[in-house]
Amino acid sequence: MTVHYKLIYWNCHGRGEITRLIFNYAGEKFEEHTITDADWPGTLKAAMPYGQLPVLEIDGVQLAQGRAIERFLARRFNLVGKTDIEAAHIDMIICGIDDTRQHFAKLFNEEDILKSADEVKEILDKHVHSFLALHDKFVAKNGHNHFVGRHTTLADLAVFQILYFLTHVDHSILSHYPHLSKFFHHTSKNSRLAKYLESRPQSPF
Ligand SMILES: N[C@@H](CCC(=O)N[C@@H](CS)C(=O)NCC(=O)O)C(=O)O
């Protein structure tokens, strides 16, 4: 029987985009319930498990917390590696991303506009380049244009999305990271993703 998936989120990448990447990569249909500022908070916030989004409904059952949604779908669509060790390495990569992601809000001012070039450079130098250098080594060591194993996993989709965000902050940010740069271009041309990537809103948010 077909499962009905409904993703409730704003019309932006944010914490919902990796879920969209998973659905597109897996070739699974899902409904998008796109929220506008007029809808929120309204009665919707109180109806969500944590009063926040994203929320995924699976045949009407609500699941909140972006990372929990991603892991649930990755398990369901076989994007969690082939062994428990691979699954643990995927979790490790996601935890590392979250350590870096917590600094991203600092890149923008209150109107969601990038801070001055000098301020952005300072934040990138302090919090992001070490992450990129490390992941350049990780993907080089794996040797297959993937972070874990020989197939696309949740780790690849999550790293891809953070790199996408960072290339919107600084177009040349990957120029010193040849393996990461290769991974980024390879993933963006993936036959299961390319069409969606071309059609989605080109925005860092
Ligand atoms: N830990 C949650 C955080 C969710 C979160 O912060 N959602 C924000 C949007 S990205 C939200 O719903 N903001 C509106 C609100 O809190 O009223 C997750 O990762 O899903």
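Rules of the game
- Residues numbered from 1 in each chain as written.
- Predicted model: local features only at pLDDT ≥ 70, side-chain atom pairs only at ≥ 80, totals over all residues.
- Heavy atoms only, no water.
- Helix = DSSP H or I, 4+ residues; strand = E, 2+ residues; numbered from the N terminus.
- Rg over C-alpha atoms; globule rule 2.2 N^0.38 Å.
- Buried < 20%, exposed > 50% of the residue type's maximum accessible area, 1.4 Å probe, protein only.
- Contact = heavy atoms within 4.5 Å.
- Areas by Shrake-Rupley, 256 points an atom, 1.4 Å probe, with all protein chains shown as cover.
- Salt bridge = Lys/Arg side-chain N within 4 Å of Asp/Glu carboxyl O.

Visitor: How would you sum up the overall build of the protein? Please name residues and give values.
Guide: Helix and strand counts for the protein stand at nine helices and four strands. Across the protein, helices and strands are ordered from the amino to the carboxyl terminus as β-α-β-α-β-β-α-α-α-α-α-α-α. Over its C-alpha atoms the protein spans a radius of gyration of 17 Å, differing by no more than 12% from the 17 Å that the globule rule assigns to 205 residues. Among the 205 residues that make up the protein, the fraction classed as buried is 44%. Here the contacts in the protein between residues at least 6 apart in sequence split such that 65% fall between residues at least 24 apart. When the accessible surface of the protein is split by element, carbon and sulfur atoms take 53% of a total near 11300 Å².

Visitor: Outline the pattern of salt bridges, listing residues and values.
Guide: Inspection of the entire model under this criterion finds nine salt bridges. The salt bridge involving glutamate 57 is made with lysine 6; its shortest N-O contact spans 3.8 Å. Highlighted residues: glutamate 57 in strand S3 (residues 55–58) and lysine 6 in strand S1 (residues 5–10), separated in sequence by 51 residues. For the pair formed by glutamate 57 and lysine 6, the shared burial category is buried. Residues joined in a network through salt bridges with shared partners are Glu17, Arg20, Glu32 and Arg200.

Visitor: Just give me the short version of the environment of valine 169, but keep the residues and values in it.
Guide: As for its placement among the helices and strands, valine 169 is situated in helix H7 (residues 154–169). Looking at valine 169, the relative accessible area reads 12%, which means it is buried. The residues touching valine 169, leaving out its near neighbours within four places in the chain, are Leu107, Leu114, Val120 and Leu124.

Don't take any of this as a statement about function, it's just geometry.
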